[in-house]
2 protein chains.
Amino acid sequence: MERTKIYDTSNARDEERLAYLAQVATMYYEEQKTQQEIAKSFGISRSGVSRLISEARARGVVEIIVHHPLKTNKNLEERLIRAFGIKDARVLRGRYESYQEVLAWVGKLAARYFEERLRDGMTIGISWGGALYEMIRAIRPREFRNVEVVQLIGATGAEATPTSGPILAQLLAERLHCRSYQLHAPLIVKEERARAALMQERHIKETLGRARRADIAIVGIGTTSPGYYSLVRAGYLSEEEAQEVRASGAVGDVCAQHYDLQGRWLDFPLNRCVIGINHEDLRRIDNVIGVVGGEVKAAAIHGALRGNYVNALITDEAAARKVLQLDGQRI
Amino acid sequence: MERTKIYDTSNARDEERLAYLAQVATMYYEEQKTQQEIAKSFGISRSGVSRLISEARARGVVEIIVHHPLKTNKNLEERLIRAFGIKDARVLRGRYESYQEVLAWVGKLAARYFEERLRDGMTIGISWGGALYEMIRAIRPREFRNVEVVQLIGATGAEATPTSGPILAQLLAERLHCRSYQLHAPLIVKEERARAALMQERHIKETLGRARRADIAIVGIGTTSPGYYSLVRAGYLSEEEAQEVRASGAVGDVCAQHYDLQGRWLDFPLNRCVIGINHEDLRRIDNVIGVVGGEVKAAAIHGALRGNYVNALITDEAAARKVLQLDGQRI
DNA sequence: ATGCTAATATCACATATGTGACGCGGTACC
DNA sequence: GGTACCGCGTCACATATGTGATATTAGCAT
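Residues numbered from 1 in each chain as written. Chains lettered and ligands numbered in written order. Predicted model: local features only at pLDDT ≥ 70, side-chain atom pairs only at ≥ 80, totals over all residues. Heavy atoms only, no water.

A. Quick peek at the packing of aromatic side chains. Here the structure, examined in full by the defined rule, presents eight aromatic pairs over all chains. Seen from their ring centres, Tyr20 of chain A and Phe42 of chain A are 5.6 Å apart, and the 65° between their planes marks the pair as edge-to-face. On the criterion of sequence distance, the pair formed by Tyr20 of chain A in helix α2 (residues 12-30) and Phe42 of chain A in helix α3 (residues 35-42) is long-range, its members being 22 residues apart. Centroid distance Tyr259 of chain B to Tyr309 of chain B: 5.0 Å. Interplanar angle 20°. Geometry classified as stacked. Of this pair, Tyr259 of chain B sits in strand β9 (residues 257-259) while Tyr309 of chain B sits in the loop between α13 (298-306) and β11 (312-316), and the two are 50 residues apart along the sequence. Just above the ring of Trp105 of chain A sits the side chain of Lys108 of chain A; from NZ or CZ to the centre is 4.4 Å. Here the guanidinium or amino end of Arg117 of chain B rests over the ring plane of Tyr113 of chain B, the centre of that ring lying 3.8 Å away. (Phe/Tyr/Trp six-rings, centres within 6.5 Å; stacked < 30°, edge-to-face > 60°. Helix = DSSP H or I, 4+ residues; strand = E, 2+ residues; numbered from the N terminus. Lys NZ or Arg CZ within 6 Å of the ring centre and 35° of its normal.)

Okay, here's the thing in structure tokens:
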């Protein structure tokens, strides 16, 4: 609100003033000149410069950001890696107020992790979910050569909300200045036959072919817990259907493929009505990074790790502790 | 294993250090404490604090940004408004190195302009193009009530590049935390009949209905000049087809509707094969903001203004001057 | 021209800051 | 265990900076 004010004033006078402040501030902060030097080059008094700089800061012309590093808990990381035989883990330190806050920070951590691993020529597969959305937001734009982004699972229809749906692959591609391949198909179809038909379609076949060859897959991990079950929230399943899913032992899903607490893939219709990569192809991808936050996801994470649906995990302390507890460890 | 350990410990060390630097920097820059106070509360020497702050700046933990205001040329704005009877104009001052740079700055200017005009409850229509992409990037995220974003024209297929295509509506919706309505259809079809059929489809009909009721439309202005003709660059037209288009007098397009230098809509097949809002419906929208940069676009801008396809223009000085010249004025 | 007002300069001084020189204690490495 | 080095503290001092009080000027309306 305050920042908007800066640019809002259509007054030419004020525009001049702001340009002046910005120029002085640039000399001071970016060119490291002393106030004395600046005063001389503008032919004004030194104290005037001091006051101009104060004004520039007060009016938001100068913005100072402190980047706090993301601290991780090496101990929990080590334990997760050992307990589940995964390749890597990052566990964000600290406690957070809200689920949204956890997602934002885990997303940042995941973004740094991903940035460190991305190389020219890679194919990146991506599913969807709040954590991935936050991750992509936190990725710093960079140019790569021959990188491509591929959707791993189908997308919603015309009413796509920003946090879930086909936008993620595009957003990521935008950040990396590369192209993206979408799956123009619903995530879940009503009948297995419809799925079979769609899977034969040329561009779906092609995109899924690319998905299977992904060098890195970035996936969210969903829980079937009431109130947190994405497929219900996104309108794919009714609450009754969700009950059934839970009744058959499903604790979570990766790429809409459901499994139980021990990671056993569940052979029920829902798992066979998904337009997207299947659980076996997913397991064949070298690097599958699960990005997920919050204690509520613990059971789903446990299953995902036990079932080898992901082989690297980015999460927060609370979730990590609970996962290890579920695995019978004392924390 | 050993290597991992080494990597991890050095990492942990550094992480600690950065956290320390960030903490000190926060106290200094955000909480406005003096170095003396900080030294006391950490139990270190004052000169140590001074050195830590230097280190924090050198290592990028502290980032200082100076926001230069966007200066505009009121004189040229006034002349454009008078010459073409448009509602408003913003003409960015200054000369720029590259076309990309012009786009980035014009985009910023357009973003500020748009932010000032956006209100709760509005429907925003959007086409595509490099300038709009830059504009959306420059929009500061904000929450609105009942705002919706609607695509004005069809989108590309699976191979969408980030700067052009269906991503723009989604990106904008993300910035405004609102929903978006896409046109899941190609921008240009081969036959008029195919267009008629598609236009009957429910969700296309519905989205275009919303588009017609837009309170603000934000559009790029395309030129047919060789090397800059977006429809060729995006693969919709071959170079031969482009030649034909130019031969029939087309200098530019708004929402893929082509017109000549005097703004006369061209009654040729291409204009009737577009899935999107038509030129007459576009003219009925209250606020159509053209966002466009670069001298090369001058003829296209002239036509767009003469033909009333846009009624507000955001552009740069070089383009504005050339447009006025084309209109027979001395600059 | 005459005031009035707001912006800026001037001056003075107390602090805050940057930095070089030097020494001490801990650590990594041989 | 020795040694070289690194990080940091201490001290000292030169500058840089913030700020209050007061004078001066520019712009502006009458």
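B. Layout of the pairing of strand β6 (residues 216-220) of chain A. Residue and element names in this part refer to chain A. The element β6 is largely enclosed, with a buried count of five among its five residues. Going residue by residue along β6, you find Ile216, Ile218 and Gly220 tucked away on one face and Ala217 and Val219 tucked away on the opposite face as well. For strand β3 (residues 123-126) and β6, the ladder comprises three bridges, and the chain directions are parallel. Within β6, the residue paired with Ile124 across the bridge is Ile216. The pairing of β6 with strand β10 (residues 287-291) spans five bridges and is parallel. (Buried < 20%, exposed > 50% of the residue type's maximum accessible area, 1.4 Å probe, protein only. Pairing = 2+ DSSP bridges.)

C. Local environment of the packing of helix α14 (residues 298-306) of chain A against helix α15 (residues 317-326) of chain A. Residues and elements named next belong to chain A. Following both chains from N to C, one finds α14 and α15 inclined at 65°, their axes separated by 9 Å at the closest point. Viewed along their axes, α14 and α15 form a crossing whose handedness is right-handed. Contact with α14, carried on its side by Ala298, Ala299, Ile301, His302 and Leu305, involves Ala319, Lys322, Val323 and Leu326 of α15 and no other residues of that element. Tallied by class, the residues present in the contact of α14 with α15 amount to seven nonpolar, one polar and one charged. (Axes fitted to C-alpha atoms, helices over the stretch in contact; angles between N-to-C directions. Left-handed = near helix turned anticlockwise from the far one by under 90°. Contact = heavy atoms within 4.5 Å. Nonpolar A, V, L, I, M, F, W, Y, C, P; charged D, E, K, R; others polar.)

D. Structural view of the protein's contact with DNA strand D. Looking at DNA strand D, there are 14 residues lining it, with Tyr28, Gln35, Arg46 and Ser50 of chain A together with Ser47 of chain B nearest. Each atom of DNA strand D within 4 Å of the protein was assigned to sugar, phosphate or base; sugar and phosphate come to 48%. Within the contact set of DNA strand D, a phosphate oxygen lies 2.7 Å away from a side-chain nitrogen or oxygen of Tyr28 of chain A. Within the side chain of Ser50 of chain A, a nitrogen or oxygen atom sits 2.7 Å from a phosphate oxygen of DNA strand D. Here the residues of the surface near DNA strand D sort into two nonpolar, seven polar and five charged. (Near = heavy atom within 4 Å. Polar contact = N/O pair within 3.5 Å; in protein donor to acceptor, adjacent residues only side chain to side chain.)

E. Main features of the domain arrangement of chain A. Under the domain assignment used here, chain A contains domain 1 (2-64) and domain 2 (74-326). Taking only C-alpha atoms into account, the centre of domain 1 of chain A sits 47 Å from that of domain 2 of chain A. (Domains from an automatic or database assignment.)

F. Here's a closer look at the protein's contact with DNA strand C. Neighbouring DNA strand C are the residues Arg17, Ile44, Ser45, Ser47 and Arg51 of chain A together with Tyr28, Thr34, Gln35, Arg46, Ser47, Ser50 and Arg51 of chain B. Backbone atoms, meaning sugar and phosphate, make up 50% of the atoms of DNA strand C lying within 4 Å of the protein. A distance of 3.2 Å is found between a phosphate oxygen of DNA strand C and a side-chain nitrogen or oxygen belonging to Arg17 of chain A. Between a base oxygen of DNA strand C and a side-chain N or O atom of Arg51 of chain B, the distance comes to 3.3 Å.

G. Molecular detail of the pattern of salt bridges. Residues and elements named next belong to chain A. The tally for this structure, following the rule as stated, stands at 45 salt bridges over all chains. Glu55 is the salt-bridge partner of Arg59, the closest N and O atoms lying 2.9 Å from each other. Accessibility expressed as a relative area gives 29% for Arg59, which makes it partly exposed. The exposure class assigned to Glu55 is partly exposed, which follows from its relative accessible area of 21%. (Salt bridge = Lys/Arg side-chain N within 4 Å of Asp/Glu carboxyl O.)

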